[in-house]
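Each chain, letter by letter, is given below.
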Amino acid sequence: MPSTTTTTTTTAIEEPPLQIDLSAPLKNHPPLIAPEPEHCPGPESNLAGAGSACAGCPNQAICASTPKGPDPDIPLINQRLSSITHKILILSGKGGVGKSTFTTMLAHAFASSSTHTVGIMDTDICGPSIPKMLGVEQETIHISNQGWSPVWVTDNLSVMSVQFMLPSRDDAVIWRGPKKNGLIKQFLKDVEWGPLDYLLVDTPPGTSDEHLSVNTYLRESGLSGAVVVTTPQEMSLLDVRKEIDFCNKAGIKVLGIVENMSGYVCPGCRHVNRVFKATTGGGSELARECGVPFLGKVPLDPRIGMACDYGESFFEGFPDSPACEALRKVVERVKEEVGVKEEGE
Ligand code: SF4
């Protein structure tokens with residue numbers, strides 16, 4: 001398989017790789033005298049010091065006196081992201097549905113058009129896997145006079161992930177909500193993405209702090225919507241219903257559902273076997289039931305795993321795979337849903 005990994009040199013003035021002290025307090029974080037408890041609403045939130053979760057917390061007086069109101073960083077985030085046309089969340093109800101793999105393949109599929117510039121923001125802070133899949137795991141972030149520079153995978157595909165800040169790829173990130181929230185804000189506020197056609201925001205499974213943070217910060221700068229990834233089994237579909245409910249409550253437009261691992265591609269004859277039976281109708285039936293678009297079925301090709309392990313583009317290495325054909329259709333459907341009109345239409 002040909003290697004697709006190239007690194008683009010930034011023209012900005014560069015300084016040595018960024019070293020982040022992961023134990024340092026975040027900007028705007030009140031000086032707490034004890035760790036945040038499990039159900040902390042966030043020392044920077046409007047509920048800080050006043051919510052029922054704060055009762056008995058040693059930090060209550062500090063949090064209650066912290067200034068409330070709109071986050072002063074939101075205008076900066078809006079300004080920073082103003083050169084990104086479409087911001088798309090990639091969600092899944094549960095882990096194990098291949099969401100991050102799907103995100104990298106979708107990014108490669110978008111970037112296969114040289115007229116598109118694409119970015120991936122990896123917000124899975126506790127389990128970042130996107131850099132490995134893109135073959136840039138060993139890269140570090142550089143800061144310049146313009147901000148943090150994302151890592152360029154190809155000439156038109158860049159990525160930012162917490163993985164780049166870890167001293168070792170085996171280091172665990174054990175953070176509670178407020179600190180994750182702070183890092184996501186920093187990603188949005190300080191990363192100099194430059195002009196992008198699409199920013200794909202890869203999120204952890206479920207509906208957690210990362211989702212709330214991303215939605216809060218992106219809402220004003222214009223979030224195009226969310227692509228929800230599932231597998232055909234009812235166990236996965238059950239959680240997707242919750243994810244769609246979360247989107248409805250948070251005011252996030254659901255661009256559609258993608259059924260991933262929808263069959264197994266034989267690498268020899270390209271025949272697709274339905275190994276995971278959709279006993280309750282699969283993603284298409286769920287989309288109909290929830291009144292959201294169905295974006296397509298992407299089969300599992302065993303060569304996808306190999307490409308991810310080597311950090312190479314499956315999309316470029318095996319363009320004839322039924323999985324790539326399916327991804328191209330998903331890209332077209334997503335473009336329709338975000339209102340992109342190609343020339344001649
Ligand atoms: S917001 Fe402050 S007072 Fe409330 S639980 Fe969190 S740390 Fe404690």
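Here is what the cut-offs are and how they apply
Residues numbered from 1 in each chain as written. Predicted model: local features only at pLDDT ≥ 70, side-chain atom pairs only at ≥ 80, totals over all residues. Heavy atoms only, no water. UniProt positions renumbered as here; feature names shortened; annotations may be inferred. Helix = DSSP H or I, 4+ residues; strand = E, 2+ residues; numbered from the N terminus. Buried < 20%, exposed > 50% of the residue type's maximum accessible area, 1.4 Å probe, protein only. Contact = heavy atoms within 4.5 Å. Areas by Shrake-Rupley, 256 points an atom, 1.4 Å probe, with all protein chains shown as cover. Near = heavy atom within 4 Å. Nonpolar A, V, L, I, M, F, W, Y, C, P; charged D, E, K, R; others polar. Arc of directions from axis to C-beta. Phe/Tyr/Trp six-rings, centres within 6.5 Å; stacked < 30°, edge-to-face > 60°. Lys NZ or Arg CZ within 6 Å of the ring centre and 35° of its normal. Salt bridge = Lys/Arg side-chain N within 4 Å of Asp/Glu carboxyl O. Axes fitted to C-alpha atoms, helices over the stretch in contact; angles between N-to-C directions. Parallel < 35°, antiparallel > 145°, perpendicular 65-115°, else oblique.

- In the nomenclature of an unreviewed UniProt entry, the protein chain is known as Cytosolic Fe-S cluster assembly factor NBP35 of Cladonia borealis.
- Taken verbatim from the UniProt record of the protein chain, the Function (unreviewed entry) comment is "Component of the cytosolic iron-sulfur (Fe/S) protein assembly (CIA) machinery. Required for maturation of extramitochondrial Fe-S proteins. The NBP35-CFD1 heterotetramer forms a Fe-S scaffold complex, mediating the de novo assembly of an Fe-S cluster and its transfer to target apoproteins."
- The Sequence similarities (unreviewed entry) comment attached to the protein chain in UniProt states, word for word, "Belongs to the Mrp/NBP35 ATP-binding proteins family. NUBP1/NBP35 subfamily."

1. Examining the overall build of the protein chain
Turning to step 1, where the next piece is worked out: From N to C terminus, the protein chain includes 11 helices and 12 strands.
Turning to step 2, where the next piece is worked out: When the 345 residues of the protein chain are sorted by exposure, 53% land in the buried category.
Turning to step 3, where the next piece is worked out: Excluding contacts between residues fewer than 6 apart, the proportion of contacts in the protein chain whose partners are at least 24 apart in sequence is 77%.
Turning to step 4, where the next piece is worked out: Entry remark: accessible area of the protein chain is about 15,500 Å², with carbon and sulfur atoms responsible for 53%.

2. Remarks on the UniProt feature "binding site: ATP" (unreviewed entry) in the protein chain
Turning to step 1, where the next piece is worked out: Annotation from UniProt places "binding site: ATP" (unreviewed entry) at Gly 93, Lys 94, Gly 95, Gly 96, Val 97, Gly 98, Lys 99 and Ser 100.
Turning to step 2, where the next piece is worked out: With respect to the secondary-structure elements, Gly 96 resides in the loop between strand 2 (84-92) and helix 3 (99-111).
Turning to step 3, where the next piece is worked out: Accessibility expressed as a relative area gives 65% for Gly 96, which makes it exposed.

3. So, the site of the ligand
Turning to step 1, where the next piece is worked out: Around the ligand sit 13 residues in total, of which Cys 40, Cys 54, Cys 57, Asn 59 and Cys 63 are the nearest.
Turning to step 2, where the next piece is worked out: When grouped by side-chain class, the residues that make up the shell around the ligand number 9 nonpolar, 4 polar and no charged.

4. Focus: helix 9 (residues 302-310)
Turning to step 1, where the next piece is worked out: For helix 9, every residue scored as buried is listed here: Arg 303, Ile 304, Ala 307 and Cys 308. Considered in projection along helix 9, the buried side chains sweep an arc of 145° and stay on one side of the axis. Along helix 9, the residues that are exposed and aim more than 90 degrees away from the buried face are Asp 309 and Tyr 310.
Turning to step 2, where the next piece is worked out: Where helix 9 is buried, its residues meet helix 3, helix 4 (130-134), strand 12 (294-300), helix 10 (314-317) and helix 11 (322-338).
Turning to step 3, where the next piece is worked out: One or two steps after helix 9, the chain reaches Gly 311, where phi turns positive at roughly 65°.

5. Details of the UniProt feature "binding site: [4Fe-4S] cluster 1" (unreviewed entry) in the protein chain
Turning to step 1, where the next piece is worked out: Those places that UniProt annotates as "binding site: [4Fe-4S] cluster 1" (unreviewed entry) correspond, in this numbering, to Cys 40, Cys 54, Cys 57 and Cys 63. Spanning 24 residues, the named residues form one tight spatial group whose C-alpha atoms are at most 10.8 Å apart.
Turning to step 2, where the next piece is worked out: Inspection of the secondary structure assignment puts Cys 40 in the loop between strand 1 (14-17) and helix 1 (60-64).
Turning to step 3, where the next piece is worked out: Cys 40 sits in the partly exposed class, given a relative accessible area of 21%.

6. A few points about the environment of Ala 226
Turning to step 1, where the next piece is worked out: In this structure, Ala 226 sits in strand 9 (residues 225-230).
Turning to step 2, where the next piece is worked out: Overall, the relative accessible area of 0% leaves Ala 226 in the buried class.
Turning to step 3, where the next piece is worked out: For the pair Ala 226 and Gly 256, spaced 30 residues apart in the sequence, the C-alpha separation amounts to 7.2 Å.
Turning to step 4, where the next piece is worked out: Discounting residues that sit within four places of it in the chain, Ala 226 has contacts with Leu 89, Leu 91, Cys 247, Ile 252, Lys 253, Val 254, Leu 255 and Gly 256.

7. Section: the packing of aromatic side chains
Turning to step 1, where the next piece is worked out: A full pass over the atoms with the stated rule returns 3 aromatic pairs.
Turning to step 2, where the next piece is worked out: Positioned above the aromatic ring of Phe 318 is the side chain of Arg 303, whose terminal nitrogen or guanidinium carbon lies 4.5 Å from the ring centre.

8. Focus on the pattern of salt bridges
Turning to step 1, where the next piece is worked out: Summed over the entire model, instances satisfying the criterion amount to 12 salt bridges.
Turning to step 2, where the next piece is worked out: As a salt-bridge pair, Asp 202 and Lys 99 come within 3.2 Å of each other at their nearest N and O atoms. Note that Asp 202 is positioned in strand 8 (residues 196-202) and Lys 99 in helix 3, a separation of 103 residues in sequence.
Turning to step 3, where the next piece is worked out: A salt bridge links Glu 336 to Arg 333; the shortest N-O distance between them is 2.9 Å. One end of the pair is Glu 336 and the other is Arg 333, both in helix 11 and 3 residues apart, which spans about a single turn.
Turning to step 4, where the next piece is worked out: By relative accessible area, Arg 333 is classed as partly exposed at 23%.
Turning to step 5, where the next piece is worked out: One continuous salt-bridge network, built from bridges that share partners, spans Arg 333, Glu 336 and Glu 337.

9. A look at the packing of helix 3 against helix 11
Helix packing geometry: the angle between the two helix axes and the distance between the axes.
Turning to step 1, where the next piece is worked out: In the contact formed by helix 3 and helix 11, the axes pass within 9 Å of each other and the chain directions differ by 75°. Looking at the two axes, helix 3 sits roughly perpendicular to helix 11. Of the residues in helix 11, those touching helix 3 at Phe 102, Met 105, Leu 106, Ala 109 and Phe 110 are Leu 327, Val 330, Val 331, Val 334 and Lys 335.
Turning to step 2, where the next piece is worked out: The class makeup of the residues in the contact of helix 3 with helix 11 is 9 nonpolar, no polar and 1 charged.

10. Side note on the environment of Pro 35
Turning to step 1, where the next piece is worked out: Note that Pro 35 resides in the loop between strand 1 and helix 1.
Turning to step 2, where the next piece is worked out: Between the C-alpha atoms of Pro 35 and Asn 59, which are 24 residues apart in sequence, the distance is 8.4 Å.

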